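Chain by chain, the residues run as shown.
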Amino acid sequence: MNVLGIETSCDETSVAVVKDGRKILSCEVSSSLQIHKLYGGVIPEIASRAQLETISGVAGQALKNAKVRLKDIGLIAVTTEPGLPGSLLVGVAFARAVSLACGIRLINVDHVLSHIYANFLDGAGVKIPFIALVVSGGHTNLYMVKSFADIKALGRSQDDACGEAFDKTAKILGLGYPGGPAIEKASLRGNAKSIKFKCCGTSNPLDFSFSGIKTAVLYYTNKHVSRTTNDPSTWFDFAHHRSLGVNGRRTTNDGIRTTICDIAASFQESVIGALVSKSVLACASHKIKRLVIGGGVACNERLREKFRLECRCRGIDVSFPAKSLCTDNAAMVAGLGYCLYKTGG
Ligand code: KG4
Ligand code: ZN
């Protein structure tokens, strides 16, 4: 069965056609990111207006690329929650309109759970049960998955989501938006052991907390990084620093030589450390040797490397989707929609 997936929970407008919940026939993604970059974060009103303008075209292109017509679609799967209300409304209204006009069944899909399903697309797959970690801009959730109809939450962030912490920390460091890729890039030039940033403890050991470490970065940066200007975007300019021959380094207020890259790398290492240790703990306490990761932060190479390393030592099989399927896309929505439909969801 061909499923039309529709995803508009944040700034992306994505439509995909997926066959039998597995094979991606097409997956179109249009993003208003370039506009949001000017503001340092997603502006919901701009996102939903862009989605309203693009969704018909994106859907048409997805059908064309998949070489199918609406009459070949057996099910429409749409993200209904969680997300920006205006953005979700555009996707849901579009999906309902197509469903009613063409007499195609419609199924609701949870965006966070669809990030887990990304691990089952295009030939990939994991045996159940498994532990799942979703690390995105809005969520940091650990789950026990017995089937896609039987998912139990084990832990979640008590404050900032992991991606949100990357985004806010990048802003503090003047690295721009989105922060995750910028922190990853800066970290490559930094020493992750140079500064001891620590993620806060939580009463449920499988919960997460990232707002404390973000604040620690803020205080550290204010204290140690000399700012010759009030414009954060000029604090970090590789080209400028290279031309000065100081390789992206700044001299601190108190004379100690430190770098934005060191701060980024130390922050990243600590956050990834918390993700790994809690995921491994979830596997150990539930006696499960399979771990599935999803969400935009799972694009991070250091995260993948550290998970692979720690899981190998413990005999845990860890699985990540392709990077293009980690960030928001409609293929994962179509896939999970099919799976739920088949199991009576
Ligand atoms: O899953 P996603 O595309 O959207 C949500 O559902 O939120 O995740 C977006 C988040 C952003 O916070 C972004 O900074 C983060 O994923 N991200 C990364 C990387 N690429 C994207 N975080 C760390 N390292 C990356 N390479
Ligand atoms: Zn997402």
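Computed from a predicted model, the values in this text were never measured in an experiment.

Criteria and cut-off values
- Once a new chain begins, its residue numbering starts again from 1 and follows that chain's sequence as written.
- For naming, the first written chain is A and the first written ligand is 1, with later ones following in the order written.
- Owing to the predicted nature of the model, reporting of local features is limited to residues with pLDDT of at least 70; listing and counting of side-chain atom pairs is limited to 80 or more, with chain, interface and lining totals taken over all residues.
- Working from all heavy atoms in the structure, the side-chain values ignore hydrogens and water.
- Think of a nonpolar core as a cluster: buried Ala, Val, Leu, Ile, Met, Phe, Trp, Tyr and Cys residues, connected wherever their side-chain atoms sit within 4.5 Å.
- Exposure is judged per residue with a 1.4 Å probe applied to protein chains only, and the accessible area is read against the type maximum: over 50% gives exposed, under 20% gives buried, and values in between give partly exposed.
- Only runs of H or I of at least four residues qualify as helices and only runs of E of at least two qualify as strands under DSSP, and these elements are numbered from the N terminus.
- Contact criterion: two residues are considered in contact whenever any of their non-hydrogen atoms come within 4.5 Å of each other.
- Identification of polar contacts relies on pairs of N or O atoms within 3.5 Å, with a donor-acceptor requirement for protein atoms, meaning one able to donate a hydrogen and the other able to accept it, and with residues adjacent in sequence counted only if both atoms are side-chain atoms.
- Here the rule is simple: two strands pair whenever DSSP picks up at least two bridges between them.
- A fitted line through C-alpha atoms serves as each axis, taken over the contacting stretch for helices, and the angle formed by two N-to-C directions is quoted from 0 to 180°.
- The donor set comprises N, O and S atoms within 2.8 Å of the metal, extended to 3.2 Å for Na, K and Ca; water molecules are omitted, so apparent gaps in a site may simply reflect that omission.
- Geometry is assigned from the angles between donors: four donors with all angles from 85 to 135 degrees make a tetrahedral site, four or six donors whose opposite pairs exceed 155 degrees while the rest stay between 65 and 115 make square planar or octahedral sites respectively, and everything else is labelled irregular.
- Helices are assigned an expected span. That span is 1.5 Å times one less than the residue count.
- Consider each residue's heavy atoms; a residue with any of them within 4 Å of a molecule or strand counts as near.
- Under the scheme applied, nonpolar residues are Ala, Val, Leu, Ile, Met, Phe, Trp, Tyr, Cys and Pro; charged residues are Asp, Glu, Lys and Arg; polar residues are all the others, including Gly.
- Throughout, the edges of the domains are those of an automatic or database domain assignment.

Turning to the nonpolar core, a few remarks are in order. Formed by 50 residues in total, the largest nonpolar core has its most connected members in Ile131, Phe210, Phe267, Val271, Leu275 and Phe307. Breaking this core down by element, the ones donating at least two residues are β6 (130-135), β7 (140-147), α5 (162-172), α6 (179-187), α7 (211-224), α9 (260-285), β11 (290-294) and α10 (301-314). Element by element, the count of residues in this core is highest for α9, at 13 residues. The residues touching Leu275, leaving out its near neighbours within four places in the chain, are Leu133, Val135, Thr140, Cys162, Phe208, Phe210, Leu303 and Phe307. If you look at the next biggest cluster of nonpolar residues, it comprises 33 residues, including Val109, Ala118, Phe130 and Tyr143.

With respect to the helices and strands, Thr343 occurs in the segment after α12 (330-342). A residue is classified by how much of its surface remains accessible, and Thr343, at 52% relative accessible area, is exposed. Polar side-chain contacts of Thr343 include one of 2.9 Å to the backbone oxygen of Cys339.

For the rest of this paragraph, the subject is the side chain of Thr13. By the secondary structure assignment, Thr13 is in strand β2 (residues 12-19). A polar side-chain atom of Thr13 sits 3.3 Å from a polar atom in the side chain of Thr54. If sequence neighbours within four positions are ignored, Thr13 has contacts with Glu7, Thr8, Glu28, Val29, Ser30, Gln51, Thr54, Ile55 and Val58.

To continue, consider the sheet that holds strand β1 (residues 2-7). A sheet is described by the order of its strands in space; here five strands give the open sequence β3-β2-β1-β4-β5, paired in mixed fashion. For this open sheet the edge positions go to β3 (23-31) and β5 (105-110), each flanked by a neighbour on one side alone. Neighbour to neighbour, the strand axes of the sheet diverge by 20 degrees on average, direction disregarded. Of the strand pairs in this sheet, β2 and β3 are connected by eight bridges, and their pairing is antiparallel. For Lys19, the partnering residue across the bridge sits in β3 and is Lys23. Sheet contacts for helix α2 (residues 44-66): β1, β2, β3 and β4 (73-81); angle to β2, the most-contacted strand, approximately 25 degrees. Against the sheet, helix α3 (residues 85-102) touches β1, β4 and β5, its axis set at about 155 degrees to β4.

To continue, consider the pairing of β2. Counting buried residues in β2 gives seven out of eight residues, a clear majority hidden from the surface. With six bridges joining them, β1 and β2 adopt antiparallel strand pairing. Looking across to β2, one finds that Leu4 is bridged to Val17. Connecting β1 to the antiparallel partner β2 that follows it, the hairpin turn spans four residues. Remark: three residues form the turn of the hairpin made by β2 and β3, two consecutive strands paired antiparallel; Asp20 in that turn has positive phi of roughly 50 degrees.

Before going further, it helps to spend a moment on the coordination of the zinc ion (ligand 2). Taken together, the protein ligands of the zinc ion (ligand 2) are His111 (NE2), His115 (NE2) and Asp328 (OD), with distances of 2.0 to 2.1 Å. Coordination at the zinc ion (ligand 2) comes from four donor atoms whose angles at the metal span 97 to 136 degrees, giving a geometry best classed as irregular. One chain supplies every donor for the zinc ion (ligand 2), spaced along it as H-x3-H-x212-D. A residue pair is termed a helical-turn pair when its members lie 3 or 4 positions apart in one helix, as His111 and His115 do in helix α4 (residues 111-117) at four residues. Accessibility expressed as a relative area gives 6% for His111, which makes it buried.

What follows deals with α12. Its 13 residues give α12 an end-to-end C-alpha distance of 18 Å, which sits within 8% of 18 Å, the value for a rise of 1.5 Å per residue. Burial analysis of α12 places 11 of its 13 residues in the buried class, which makes it a mostly covered element. The positive-phi residue at the C-terminal boundary of α12 is Gly344, with phi of around 80 degrees.

Residues in close proximity to ligand 1 total 20 residues, the closest being Gly137, Asp167, Gly180, Glu184 and Gly296. Take Gly163: an N or O atom from its main chain is 3.2 Å from an oxygen atom of ligand 1. Side-chain polar atom of Asp328 to an oxygen atom of ligand 1: 3.2 Å apart, as the coordinates give it. Contributions of two or more residues to the shell around ligand 1 are made by α4, α5 and α6. No other element matches the four residues that α6 contributes to the shell around ligand 1. For the shell around ligand 1, the per-class residue count stands at five nonpolar, 12 polar and three charged. Inspection of the shell around ligand 1 shows a minimum of three residues originating in each of domain 1 (2-124 + 325-342) and domain 2 (162-320).

So, on to unusual backbone geometry. The step from Glu81 to Pro82 runs through a cis peptide bond, and the omega angle for that step is -15 degrees. Note on placement: Pro82 falls in the loop between β4 and α3. Tyr177 connects to Pro178 through a cis peptide bond whose omega is -5 degrees. Residue placement: Pro178 occurs in the loop between α5 and α6. Backbone geometry at Lys67 places phi at a positive 60 degrees, although glycine is not the residue there. Unusually for a residue other than glycine, Asp122 sits at a positive phi of about 50 degrees. Within the fold, Asp122 resides in the loop between α4 and β6.

By themselves, these are just geometric observations and shouldn't be taken as functional.
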